Amino acid sequence: MAEHPKVRATPTLQSGLARIAGQAAAISSEVERLLGLDGRRLDGAGEDGIGEDGADERLRQAFGEMQAMSKLLAETRAEVVGLSPPSGELGDTLDAVIGDTEGAALEILRQAERAQAAAARLHAGTSADTTADLAEVDEAATAIVLACAFQDLTGQRVRKVLSTLRQVEARVAALVALLGIGPEEGGTLLRAAPSRPDAHLLNGPSTAAQGGLGQSAVDDLFG
Amino acid sequence: MKILVVDDYPTMRRIVRNLLDQIGFKDVEEAGNGAEALEKIKVSRYDLVISDWNMEPMTGLELLKEVRGDANLSRMPFIMVTAESKTENVIAAKQAGASQYIVKPFTAETLKAKIASVVG
């Protein structure tokens, strides 16, 4: 099924996360290697003349900072790895939801139009077979009822996606805390560059709690 | 009266077309986004445009601004029918020159009343 523009897949997300995790691992390895070097230098500090108090203290501080950096990188890498959703699963599930709802909506519309046509013939007195047209309305109503079963499937699929998103959300929060990113800085990092003049107005459906207005409130504003 | 229904969801276009048919408007054409609608509007004359907002590659608001910026089209009735229901959206559409604003989901009565208010 074709991807709908209102539900964007993020094909670069996983490759981006994998790249970050890889880079973190590479940096971590490099820091570990340097730690080994510094440890050896610390062990032999007095032998080559650099064991003076000032130089020794600076070396110890650098060693401590590198250890902390190594720990941070290892934790970051673990969070990034945990952040990666199963390959393609979320997008596929949401695509299936779109397919289910679109299929059901089209079926309901088709059956409603079938019933409307039969009812119009009955109203106009042009029905060639009133019993058949009444049956047509009845069958269409039954088909509409059956088509509404899509809600069970889409509900299950959406719940599954929600569960995964909540896990990712918790991981992101942990990663943000780990990196010490403040709310303002985080907002700047995460805010996508607007792709069109009204990008900031494309919020999608909003509940009343999210600031969405009902028709009467819209009418009041439109005046 | 010739009406152009603009929405990227075929389902929604069909719903609006069905409602328009029930109200009595039979001459209805469709477009899948703002750019497609603009091409049609520049070729054929329409008495009313009923447009969604959130579409690619051209949104309903961009379409509205194009229409209002064209001297030949600037007076064409334009009803925005959208799920964008925040105050900032309604104000932006009003400032851009929308004739009416309908929030999804809507009723046949609302559509009928808004059409009546813009085309008399």
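As named in an unreviewed UniProt entry, chain B is Two-component system response regulator, taken from Teichococcus rhizosphaerae.

Engineer: Can you tell me about the interface of chain B and chain A, naming the residues and giving the values?
Structural biologist: Counting residues at the interface gives 37 residues for chain B, matched by 30 residues for chain A. Interface area lost by chain B to chain A is led by Tyr9(B), Arg14(B) and Lys86(B), which between them contribute 19%. Counting every contact that joins chain B to chain A gives two salt bridges. Among the salt bridges present, the one from Arg14(B) reaches Glu113(A), with a minimum N-O distance of 2.8 Å. At the boundary of chain B with chain A, the tally comes to 15 residue pairs in polar contact (both at pLDDT 80 or more). Contributing elements (two or more residues each) for the side of chain B that touches chain A: helix 1 (10–23), helix 3 (60–69), helix 4 (87–96), strand 5 (100–103) and helix 5 (108–119) of chain B. The class makeup of the residues in the side of chain B that touches chain A is 16 nonpolar, 11 polar and 10 charged.

Engineer: A description of the packing of helix 3 of chain B against helix 4 of chain B should follow, citing residues and the corresponding values.
Structural biologist: All names here are of chain B. Their axes nearest at 9 Å, the elements helix 3 and helix 4 cross at an angle of 20°. The angle between helix 3 and helix 4 places the two elements in the roughly parallel class. The two elements helix 3 and helix 4 meet at a crossing, and its hand is left-handed. Along its contact with helix 3, which presents Leu61, Leu64, Lys65 and Arg68, the element helix 4 presents Ala92, Ala93 and Ala96. Of the residues in the contact of helix 3 with helix 4, the class split is five nonpolar, no polar and two charged.

Definitions and cut-offs
Residues numbered from 1 in each chain as written. Chains lettered and ligands numbered in written order. Predicted model: local features only at pLDDT ≥ 70, side-chain atom pairs only at ≥ 80, totals over all residues. Heavy atoms only, no water. Contact = heavy atoms within 4.5 Å. Buried area = accessible area lost by both parts, 1.4 Å probe. Salt bridge = Lys/Arg side-chain N within 4 Å of Asp/Glu carboxyl O. Polar contact = N/O pair within 3.5 Å; in protein donor to acceptor, adjacent residues only side chain to side chain. Helix = DSSP H or I, 4+ residues; strand = E, 2+ residues; numbered from the N terminus. Nonpolar A, V, L, I, M, F, W, Y, C, P; charged D, E, K, R; others polar. Axes fitted to C-alpha atoms, helices over the stretch in contact; angles between N-to-C directions. Parallel < 35°, antiparallel > 145°, perpendicular 65-115°, else oblique. Left-handed = near helix turned anticlockwise from the far one by under 90°.

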